[in-house]
Amino acid sequence: MIENGLALLPHDDRSWRLEDYLARGGYEAARKAITAMTPEAVVDEVGRAVLRGRGGAGFPAGMKWGFVPRGAAGPKYLCVNADEGEPGTFKDRLILMRAPHRLLEGMLVAAYAVGIPKAFIYVRGEYARIAVRLEEAIDEARAAGFLGPSVFGTAFGLEVVVHLGAGAYICGEETALLESLEGRRGQPRVKPPFPATVGLFRSPTVVNNVETLASLPGILGRGADWFRERGVPGDGGTRLFSVSGAVRRPGVYELPVGTSLRTIIESHAGGPPEGRTIKAVVPGGLSAPVLKPEELDVPMDFDSLAGAGSMLGSAGIVVISDRTPILDVLHVTARFYADESCGKCTPCRIGTRWILKIVERLRAAGGGPEDLDLVVRLAEGIRGKTLCPLGEGAALPIRALVTRFRDELERAVAR
Amino acid sequence: MTYAPSPAAVLRIERTIALYPEKPAALLPVLHVIQEESGFISREAEVWVAAKLAIPPIQVGEVLSFYGMLRRAPGGRHTIRVCRNLSCHLAGAEDLLAFIGRSLGIGPGETTPDGAFTLVTAECLGNCDRAPCLQIDGLDQGPVSRESAAALIEELKAHD
Amino acid sequence: MSGTKRVSLTIDGRRVVAEEGTSILAAAGAAGIDIPHFCYHPGLQVEGSCRMCLVEIEGLPKLELSCSSPVREGQVLWTANEKVREARRDVLEFLLAEHPLDCPICDKAGECRLQDYYDLYGRFPGRMFEPRERRAKMTPLGRGLILDRERCILCTRCVRFLQQVTGTGELGVFERGLGSEVGISEGAAVDNDYSGNLVDICPVGAITAADFRFKTRAWFLARRPSICPQCGRGCAIVVESVEGYPLSKGERRVYRITAGEDPAVNGFWICDLGRSGRRDIDERRHHRLLKRGEPAPGLIWPQAVAEIAARIRALPGPDRAARMAVVLNSRLTCEELDLAKRLFVDRLGLTRVFFADRKPGAADRLLITAERVPNAKGVIEAGFRPRLPSLEELAAEEVLLLFGSELAAHYDEGATADALGSVGSRFLFATHAGPLDRMADLVVPLAVPAEGPGTYINIQGLRRTFGRAVPPRQGVATGVDVLISLARSLAIDLGEAHAR
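Keep in mind that this is a model prediction, so the values were computed, not measured. (Residues numbered from 1 in each chain as written. Chains lettered and ligands numbered in written order. Predicted model: local features only at pLDDT ≥ 70, side-chain atom pairs only at ≥ 80, totals over all residues. Heavy atoms only, no water.)

### Examining the environment of A:I95
In this fold, A:I95 is placed in helix 5 (residues 91-98). Overall, A:I95 belongs to the buried group, its relative accessible area being 1%. (Helix = DSSP H or I, 4+ residues; strand = E, 2+ residues; numbered from the N terminus. Buried < 20%, exposed > 50% of the residue type's maximum accessible area, 1.4 Å probe, protein only.)

Structural data, given as structure tokens:
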């Protein structure tokens, strides 16, 4: 774990409690925001920090807040997206485990900025045991007056409810999350309207990722410029890079946005194990198209990765070694999206399963180039036509695997 | 006999419902309470929950069938959830899953005849730096080898 | 309409004007441009899941759904350029890949959107060679509805109809991904009076009606509009019948009644009572004259009417009116009621003109009215004050004309037979066989409303004129025919109505 003195995450698993967090300066940033700044000033500060959403979509946080109609009567909600399900990503888990108070502090900043009195933390069902610690942190915060009807003794109050999901990747999509929170199947909604105007229980709602919110105390505490300058133009700050797969030191690394992928993999995660070479790298969670070894100098920021034909997404880096058949990767990928498709819209519901059927057959019994052509064609058929980004997240990586590793795949399926 | 959760569970359920401005929103949390207590959610429980939240029973059924962690039929005393997504696959999850299946004598989605273990597959448990990983009764384990998996299973059998 | 802003946009190079807030799909449709769609239905909330209605809007990188995108001033969009056509082919291909090739045995053939769209926008060979999902093909849903899950394209129109229109919510979507399927909650079958609409709105043959299954083919059906006579709502209906081939020459059968559209009356829906009215058109009909309950071969209705006229003329004067009564009903059309008023009240001077109608039932919050007659307001407009006669009143008459057999719904059969037995001459004009047949000297077969034409005024006071949806069988007369003929036989001039 590289620290860089930014202390997003404490070094060990013991110092998550309130007293340790306070000793590290915890809740000071939120106190400053709530007692000494106007909500508009907070929104401005976050906007100037160029904090882009850390859940996958990368939407600028300040801008999203600005879509909530200011002075709108009636309830407003903050939904924390702790449904971390993008394969290869495990950084929100770490924040929930090691720095739950940092999340809560960030939630205070966000809720104050937008004028929201109630927040739900949607935690994926598989993190149930982690949610227990989160509840404890909430209790600590409430007892200290950092949550509840009067935060820091002011007129601003925030109530927080932890809400467990039950095993559906799609609930990481913000409108599916809202549907799930309202007690229904997690199927995305047609947008517009957007959650900022019609969200949870039909009220204006902000949905933010755990890491996005956990970045706020740093911004408010040390200033927007400090945060922004750590990154690159258009994409500020540091972020948590999850690294796994064929590397010597898998783990979560907090590094400046714009650090090169090669640096992360080789200098921080130790590079591939003895005797192995890198064949491919997934840079931003499974939904990000794969990159080849010669492309690893790409800076890890949203624009650079988009320019390289991939995406930063959730910054989940998975290193694939020469020992792993790409056909395996294709199978795992196809299976994931077919399993997790919610089934609402035609192209994703049928396309992901059709692709899986072909790939399963290829892996079990082989096939020919026309099968690979068809997989690419079907991925194109899904692309751009689905109700939510899951379809895109299925189509783009599958297409990339087949087109970029065509020779290997043709050899693998020819029997 | 009409189904009802235990008094302690009912208390938890009522406290949970009170946290939400609209009752139906408490559906998943309430189902979790019931599944924790009974191991699964029976048809009678579906009807009970629907009445408690003033929603149509069919909505409970729809939700139950949508979410992968909710069970409509009894499972084993222990649930072994093995991840088979990318990082875990790279670390040998396929082999691990097959090994565990052979050890228990069941396939994914099945429960051992003695009712001890249910084996299920999972998609990315968010524990990729400890691949291959699994969860036993919701507790993360990883990295898991054939040996450590066998040891975990033995330990559970011993304690049962 | 004043106050509603109009928006001007360009669709496929044509200038289109629409009200602000209209969806692109609806605006295009009104301008004669059909954008294909499955899940969208004007009577239901937008779902946006089938992805068939995608169009290209200038300036936007991705194709957009026309069903959920409102028109905007100055928008330029294309509904059929290369990009859109490709997208449609892709969506169609996905649907067809998982769809069974049931057309030869599927009721929906000939009126199926999937077929139609493949014809218009597809015509490509299949390339799905993996095994298709196998599902249950004959799941009863309730009310005679059968679900074929292999054919279902998960448009969720059925689910949404029951949630949003009837509020009964018997259907839901279970499981996830391609495993998703429409179904009922165990033991809670579809059971509401609007279940028949589910067959109408299903774009494919996933939901079919047991009483239509395998009976005929859509392309044999003549579809003609009419007005439902089962209650006071007067919903627009479509009577679907086959005349001749593939039935025998001269044979006619009504196979189905489906919903017609009338925004002011029934919107897009009709109730199951209206649908079951199909049987009223064909079953238990009178088509021959009866004399004292027995068929009178060789006798045609103009002759019967002449006999009736002769009997009326034979009443001793001067006060014929005192010895004759007429029982009408509220299922008669405005035209028939107008003729009856002129003939019986104005010309013949009868004071005793009664009404015997179906008894009222329960109204619901949607379409069904308590009154189970289609023209109660028409009766008032014609100048009548309808009253059910007592049997004593009728027994005292010398000549009694009965239009319809509804009297039998109000009185015990034995008592009715006794009372009518005391009447000198009893003449019945009836559409269906009934208990009064044997009590009448003559039974003249009458046409039903579907054999129209006619006009009804519904419970809202809305006037609706309908044409002839099916031809009456030979020998069956309409009420208008009969009344005009009776007037002529009595040498009575009914004024301009006479010259119809």
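### Observations concerning the sheet that holds strand 11 (residues 222-227) of chain C
Residue and element names in this part refer to chain C. Ordered in space as 11-12-13, the 3 strands form an open sheet in which the pairing is antiparallel. Edge positions in the sheet fall to strand 11 and strand 13 (252-259), since each of these pairs with one other strand and no more. Adjacent strand axes in the sheet meet at a mean angle of 30° when their direction is disregarded. Taken together, the 7 bridges between strand 12 (residues 236-243) and strand 13 define a ladder with antiparallel strand orientation. Each residue of the ladder has a partner; that of V242, found in strand 13, is R253. Along the sheet, helix 6 (residues 272-282) contacts strand 12 and strand 13; its crossing angle with strand 13, the most-contacted strand, is approximately 160°. (Pairing = 2+ DSSP bridges. Axes fitted to C-alpha atoms, helices over the stretch in contact; angles between N-to-C directions. Contact = heavy atoms within 4.5 Å.)

### Section: the interface of chain B and chain C
Counting residues at the interface gives 10 residues for chain B and 12 residues for chain C. Between chain B and chain C, a total of about 830 Å² is buried, with carbon and sulfur atoms accounting for 49% of that surface. In terms of surface lost to chain C, no three residues of chain B exceed B:R43, B:I58 and B:E62, which account for 59% of the buried area on that side. Joining chain B to chain C, the criterion identifies 0 salt bridges. (Buried area = accessible area lost by both parts, 1.4 Å probe. Salt bridge = Lys/Arg side-chain N within 4 Å of Asp/Glu carboxyl O.)

### Let's talk about the interface of chain A and chain B
Contacts between the two partners involve 56 residues from chain A, matched on the other side by 38 residues from chain B. Summed over both sides, the interface of chain A with chain B buries roughly 3,700 Å², with 56% coming from carbon and sulfur. Area buried by chain A at its contact with chain B is led by A:R129, A:A166 and A:R185, which between them contribute 16% of it. Joining chain A to chain B, the criterion identifies 4 salt bridges. A:R202 serves as the salt-bridge partner of B:E22, at 2.5 Å between the closest nitrogen and oxygen. Applying the counting criterion to the chain A and chain B interface returns 24 residue pairs in polar contact (both at pLDDT 80 or more). Looking at the side of chain A that touches chain B, the elements that each hand over two or more residues are strand 2 (118-123), strand 3 (159-164), helix 8 (174-181), strand 5 (238-245), strand 8 (316-321) and helix 14 (326-340) of chain A. Looking at the side of chain A that touches chain B element by element, the count peaks at 7 residues for helix 14 of chain A. Class assignment of the residues belonging to the side of chain A that touches chain B gives a composition of 26 nonpolar, 15 polar and 15 charged. (Polar contact = N/O pair within 3.5 Å; in protein donor to acceptor, adjacent residues only side chain to side chain. Nonpolar A, V, L, I, M, F, W, Y, C, P; charged D, E, K, R; others polar.)

### Considering the packing of helix 14 of chain A against helix 15 (residues 346-365) of chain A
All names here are of chain A. Put simply, helix 14 and helix 15 touch, their axes get as near as 9 Å, and they point 150° apart. Classed by the angle they form, the pair helix 14 and helix 15 counts as roughly antiparallel. In this structure, helix 14 meets helix 15 at a crossing whose hand is left-handed. Along the contact surface, helix 14 presents L327, D328, L330, H331, A334, R335, Y337 and A338, while helix 15 presents T352, R353, I355, L356, V359, E360, L362 and R363. In terms of residue class, the contact of helix 14 with helix 15 is made up of 9 nonpolar, 2 polar and 5 charged. (Parallel < 35°, antiparallel > 145°, perpendicular 65-115°, else oblique. Left-handed = near helix turned anticlockwise from the far one by under 90°.)

### Notes on unusual backbone geometry
Here the residue pair A:K191 and A:P192 is connected by a cis peptide bond, since its omega of -5° sits within 30 degrees of zero. On the secondary structure map, A:P192 appears in the loop between helix 8 and strand 4 (205-209). Omega for the peptide link from B:A131 to B:P132 comes to -10°, which places this bond in the cis form. In this structure, A:F152 takes a positive phi of about 55° despite not being glycine. By secondary structure assignment, the location of A:F152 is in the loop between helix 7 (128-143) and strand 3. A positive phi angle is found at C:D12, which is not glycine, with a value near 55°. Locating C:D12 in the fold gives a position in the loop between strand 1 (6-11) and strand 2 (14-19).

### Observations regarding the packing of helix 14 of chain A against helix 17 (residues 389-404) of chain A
All names here are of chain A. Between helix 14 and helix 17, the shortest axis-to-axis distance is 10 Å and the interhelical angle comes to 165°. One finds that helix 14 runs roughly antiparallel with respect to helix 17. When the axes of helix 14 and helix 17 are compared, the crossing they make is left-handed. Between helix 14, through I326, V329, L330, T333, A334, Y337 and E340, and helix 17, the contact on the second element is made entirely by L390, G393, A394, P397, I398, L401 and V402. Looking at side-chain class alone, the contact of helix 14 with helix 17 contains 11 nonpolar, 2 polar and 1 charged residues.

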